[in-house]
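# Structural overview for review
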Amino acid sequence: KPGEELIDWAVRSPPRHSGFFYQVMDAMGSGVEAAINFLRGRGPNLLVQPSGISLAVDPSPEVPGTPITHCWVELSGLPFIPLPRSIAFFNF
């Protein structure tokens with residue numbers, strides 16, 4: 001399987017750079033709007049609700065965002081100064 005060639009799924013560790021952490025920006029209905037530190041102020045925020053995670057497109061809780069289940073982040077400058085080159089969101 002292609003995923004087995006790319007990633008060793010038996011080895012997992014938490015992120016060690018604060019850029020991968022998130023901050024809660026606002027409470028919205030029964031969920032929260034959160035920003036990934038790498039993208040804060042530059043990219044989409046996440047809307048985290050009991051029904052799932054979506055991209056926060058509109059700050060209004062009545063407007064649903066695009067649902068997501070996975071994301072892939074490409075970085076340069078590892079391990080000392082990681083800089084995001086691209087981020088892709090998926091809904092599988």
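Please refer to the structure higher up on the page.
Residues numbered from 1 in each chain as written. Predicted model: local features only at pLDDT ≥ 70, side-chain atom pairs only at ≥ 80, totals over all residues. Heavy atoms only, no water.

## Examining the sheet that holds strand β2 (residues 31-36)
- Strand order across the open sheet formed by five strands is β1-β2-β3-β4-β5, with antiparallel pairing between neighbours. Strands at the two margins of the open sheet, each flanked by one partner only, are β1 (22-28) and β5 (66-68). On average, adjacent strands in this sheet sit at an angle of 35 degrees to one another, irrespective of strand direction. (Pairing = 2+ DSSP bridges. Helix = DSSP H or I, 4+ residues; strand = E, 2+ residues; numbered from the N terminus. Axes fitted to C-alpha atoms, helices over the stretch in contact; angles between N-to-C directions.)

## As for the pairing of strand β4 (residues 52-56)
- As defined by bridge partners, strand β3 (residues 45-49) adjoins β4 across five bridges and the pair is classed as antiparallel. Looking at β4, one finds that L46 is bridged to L55.
- Counted along the chain from β3 to the antiparallel partner β4, the turn is two residues long.
- The pairing of β4 with β5 spans three bridges and is classified as antiparallel. Counted as the bridge partner of I53 is I68 from β5.

## Side note on the side chain of N45
- Mapped onto the secondary structure, N45 falls in strand β3.
- Looking at N45, the relative accessible area reads 17%, which means it is buried.
- A polar contact of 2.8 Å, which involves the side chain of N45, links it to the side chain of E33.
- Excluding anything up to four places from it in sequence, N45 contacts M25, E33, A34, A35, S54, L55 and A56. (Buried < 20%, exposed > 50% of the residue type's maximum accessible area, 1.4 Å probe, protein only. Polar contact = N/O pair within 3.5 Å; in protein donor to acceptor, adjacent residues only side chain to side chain. Contact = heavy atoms within 4.5 Å.)

## Things to note about the packing of aromatic side chains
- All chains considered together, the criterion is met by two aromatic pairs.
- Between the aromatic rings of F20 and F38, the centroid separation amounts to 5.1 Å while the plane-to-plane angle is 85 degrees, which identifies the pairing as edge-to-face. Here F20, found in the loop between α1 (2-6) and β1, pairs with F38, found in the loop between β2 and β3; they are 18 residues apart in sequence, far enough to count as distant.
- Residue F38 is classed as buried on the basis of its relative accessible area of 9%.
- Where F90 meets F92, the ring centres are 5.5 Å apart and the plane angle is 10 degrees; that geometry is what we call stacked. (Phe/Tyr/Trp six-rings, centres within 6.5 Å; stacked < 30°, edge-to-face > 60°.)

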